[in-house]
Amino acid sequence: MLVVLISGRGSNLQALVEAGLPVTAVISNRGDAAGLNYAQAKGIATAVVEHRAFAERAAFEAALEREIARFKPRLVALAGFMRVLTPAFVERYRNRMLNIHPSLLPAFAGLDTHARALAAGVKVHGCTVHFVTPELDSGPIVVQAAVPVRAQERADELAARVLRQEHVIYPRAARWFLDDRLVIEGALVRVKGNDAQLVMARD
Ligand code: GRF
C-alpha cells in the first residue's frame, strides 16, 4: 500500500508504522540508514539503491523506480529522503507521492530550516506534509503543524519540538490519502469530511 523512502534516522517512518499504516517496504539510498534496521526488526521489506553506485541521476532513479514498482504501492512517502528528484521521476508519482518538510512552507524550503527560522526571528515555525511536485519543497499542502518559537531557543531544541509534530501530521496525511479523502484542487488540497489541516502544538 505504502512505500517509504528514507536516507537516515527514520523517525517519521517509525511514526507511520506505529500509527498502523500499511507500510509494505522501506527503500533507502544509503545502506547505513538507521531506519532500515527499524524496518527489518518490524518484518517490513527493505531495499537499498545506493545513489553513489550510479554515475547518472537518471540511472539511479530508474533503479529506484524498479524497486518501488516491485511493491506496487498506492502511495510513496518521502521521509527524510535526501536526494533531489528529477521532474520525470516526480511526474511518474504525480498526486501519489508525499513529503514531510520541517518548516511552514513556503517559508524555509531547503536545508537547515530550524537555524534559518531562528535567524529570521520568526515567532511561529513548524512542519508541512505536501504532495511532491518538480520544484523542491513545494507542491499542494496537505497539513501543517505550527510550533511557537520560544525565547532564546536553540535550533536543536526547536528541531526536537517540530519533529514531535512531524510524527503527528505525517501519519494523519498518509491515512487521509489511503482513505481516499484528499482532493487536490489546483494548488490546494481539501480533506473530505473537513478534518483540520492545521495542528497547533501545545508544547
Ligand atoms: C525530518 O526532519 C523531515 O522533516 C526531513 O528530514 C527529517 C527526517 O527525519 N525531511 P527522520 O529520518 O524521519 O527521523
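Analysis parameters
Residues numbered from 1 in each chain as written. Predicted model: local features only at pLDDT ≥ 70, side-chain atom pairs only at ≥ 80, totals over all residues. Heavy atoms only, no water. Helix = DSSP H or I, 4+ residues; strand = E, 2+ residues; numbered from the N terminus. Buried < 20%, exposed > 50% of the residue type's maximum accessible area, 1.4 Å probe, protein only. Contact = heavy atoms within 4.5 Å. Near = heavy atom within 4 Å. Polar contact = N/O pair within 3.5 Å; in protein donor to acceptor, adjacent residues only side chain to side chain. Areas by Shrake-Rupley, 256 points an atom, 1.4 Å probe, with all protein chains shown as cover. 1 Å grid on protein atoms, 1.4 Å probe; cavity = no way out; pocket = protein on both sides within 12 Å on 5 of 7 lines; lining within 4 Å. Sits in = over half its atoms within 2 Å of the grid points. Domains from an automatic or database assignment. Buried area = accessible area lost by both parts, 1.4 Å probe. Salt bridge = Lys/Arg side-chain N within 4 Å of Asp/Glu carboxyl O. Arc of directions from axis to C-beta.

A.B. asks: Lay out the environment of A15 with the relevant residues and their values.
C.D. replies: Residue position: A15 is located in helix α1 (residues 11–18). What makes A15 buried here is its relative accessible area of 14%. For the pair A15 and A25, spaced ten residues apart in sequence, the C-alpha separation works out to 15 Å. In contact with A15, other than residues within four places in its own chain, are H167 and P171.

A.B. asks: Now, about the site of the ligand: what can you tell me, with residues and values included?
C.D. replies: Neighbouring the ligand are the residues R9, G10, S11, N12, G80, I100, H101, P102 and E166. R9 has a polar side-chain atom sitting 2.5 Å from an oxygen atom of the ligand. Separating an oxygen atom of the ligand from a backbone N or O atom of N12 is a distance of 2.8 Å. Burial of the ligand by the protein amounts to 86% of the accessible area it has alone, namely 360 Å². Among the detected pockets, the ligand sits in the largest pocket.

A.B. asks: Give a detailed account of the domain arrangement of the protein, specifying residues and quantitative values.
C.D. replies: Reports of interface size often rely on the accessible area that becomes lost once the parts have come together. The domain architecture assigned to the protein consists of domain 1 (1–93) and domain 2 (99–203). One C-alpha centre belongs to domain 1, the other to domain 2, and the line joining them spans 20 Å. Listed per partner, the contact involves 20 residues of domain 1 and 17 residues of domain 2. Buried area between domain 1 and domain 2, both sides added, is near 1,600 Å², and the carbon and sulfur share of it is 68%. Of all residues in domain 1, the largest losses of buried area upon contact with domain 2 belong to N12, R74 and L78, amounting jointly to 32% of the total for that side. Joining domain 1 to domain 2, the criterion identifies one salt bridge. Between D180 and R74 there is a salt bridge, and its shortest N-O distance comes to 3.1 Å. For the pair domain 1 and domain 2, the number of links is six residue pairs in polar contact (both at pLDDT 80 or more). Taken together, the elements giving at least two residues each to the side of domain 1 that touches domain 2 come down to α1, β4 (75–78) and α4 (87–92).

A.B. asks: Could you give an account of helix α2 (residues 34–41), with specific residues and numbers?
C.D. replies: Looking at α2, one finds that the buried residues are G35, L36, Y38 and A39. The buried residues of α2 occupy an angular sector of 160 degrees when projected down its axis, which confines them to one face. Away from its buried face by more than 90 degrees, α2 exposes N37 and A41. Elements in contact with the buried residues of α2: β1 (2–6), α1, β2 (23–28) and β3 (45–48).

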